[in-house]
Amino acid sequence: MSSSSARHPAGPGLRDQIVRECTEMVRYALASGMHVPPALVQAVEAARAAAPADGADLPALTGAHGRLAKLVAPATPRALVLFAEEDARERGPLRLPGAVRLVRRMMLAALVSVGLFIISSLSPDVSHLSGDVLDSSGLDLLTNEVFWLASAGVGASFAMLFQVNEFIVNRSYDPRYESSYWVKFLIGVIAGFILVALVPVDSVEGAGAAAGAAPGTAEALARPTLAMLGGFSASAVYRILNRLMSTVEGLFRGDPREEAALREQTAVQRAAEEAAGSRLGVASQLVQLRQQIAAGAAPEEVSRQIAELVSSLVPAQEPAGPAPAAAPVTA
């Protein structure tokens, strides 16, 4: 065996892949009550029964594949084959429900997050009087941080499961993006922890006390809520941090006069570059015109090209209005 074949193990042939996808699309369409042309069903069944080695039926199979893909849309052939393979596997007694591996693993992450949330909330250290990263330390701070991370994990897993469920329902899930979902989950956990650990909630507590709530109640509710919201929408946390960074940059921005001078210098350089490009274009047109004259071009054609070149160099002017009539001269 060569080294190249060892590095790249041979997968199913192209014809076998097309036949498998066409088979699953026909099964899905028929089971969903869609109208499938009998000719497509007959072509797919004939391709499953026969196995020509020369691939003579590939053009017909490719055409049938394209028609079936349009028929079952938004479902995709890749997702239908994946779901069929998942259904064919044996289900153990401890296997979590889920159409694909990502859903099962994300459900496990959600259950772990909920379990940590419940266990950490049972500790007396989790209260509105503790958990401040600047005032707390030791086991008290660690318990509260686990509580926040669990809250962020609940929000992040909820968002990912909700998003993946839409692709599962319409059969358009793509396993190639499985890693991106885990990255989003991790980003959500980090975003929730950033919100609850670094965003001050004193103003929230003051607003709750002004509304008649017990002191500390608003803060106790705000911390896990912020963590869960940060996990659910990591993009919102990113926009908040980006806005804060823009504000900080604005505080240390340079002199406005220097910025105006820099913009003016940039505009001058851009104008010089455009002028150089225009001169280069005119020179190229003149060289072409000289070549045409040397080749014996007609005088009319040469005059027309010269007129076009002049009109491109001189900006168009508004036509002058009629000259005012001269006033009559009286004796």
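In this text the structure is predicted, and so the values were computed from the model without any measurement.

Thoughts on the overall build of the protein chain
Move 1: In terms of regular secondary structure, the protein chain is built from 13 helices and 0 strands.
Move 2: Reading the protein chain from its N terminus to its C terminus gives the helix and strand order α-α-α-α-α-α-α-α-α-α-α-α-α.
Move 3: In the protein chain, buried positions account for 27% of the 331 residues.
Move 4: Taking contacts inside the protein chain between residues at least 6 apart in sequence as the whole, the part at least 24 apart equals 68%.
Move 5: For the protein chain, the computed accessible surface area is about 22,100 Å², with 64% contributed by carbon and sulfur atoms.

Remarks on the confidence of the model for the protein chain
Move 1: Predicted confidence across the protein chain gives a mean pLDDT of 77, with 77% of residues reaching 70 or more.
Move 2: Every residue in residues 1–9 is under pLDDT 50, and counting partners more than four places away or in other chains gives 1 contact.
Move 3: Counted against residues more than four places away or in other chains, residues 203–218, with its pLDDT under 50, gives 10 contacts.

Digging into the packing of aromatic side chains
Move 1: Applying the stated criterion across every chain yields a total of 5 aromatic pairs.
Move 2: Here the aromatic rings of Phe-117 and Phe-147 are separated by 5.0 Å at their centres, their planes lie at 25°, and the arrangement is stacked. Highlighted residues: Phe-117 in helix H6 (residues 101–121) and Phe-147 in helix H7 (residues 138–169), separated in sequence by 30 residues.
Move 3: On the basis of relative accessibility, which here comes to 25%, the residue Phe-117 falls in the partly exposed class.
Move 4: Overall, Phe-147 belongs to the buried group, its relative accessible area being 8%.

Here is what the cut-offs are and how they apply
- Residues numbered from 1 in each chain as written.
- Predicted model: local features only at pLDDT ≥ 70, side-chain atom pairs only at ≥ 80, totals over all residues.
- Heavy atoms only, no water.
- Helix = DSSP H or I, 4+ residues; strand = E, 2+ residues; numbered from the N terminus.
- Buried < 20%, exposed > 50% of the residue type's maximum accessible area, 1.4 Å probe, protein only.
- Contact = heavy atoms within 4.5 Å.
- Areas by Shrake-Rupley, 256 points an atom, 1.4 Å probe, with all protein chains shown as cover.
- pLDDT = per-residue confidence, 0-100.
- Phe/Tyr/Trp six-rings, centres within 6.5 Å; stacked < 30°, edge-to-face > 60°.

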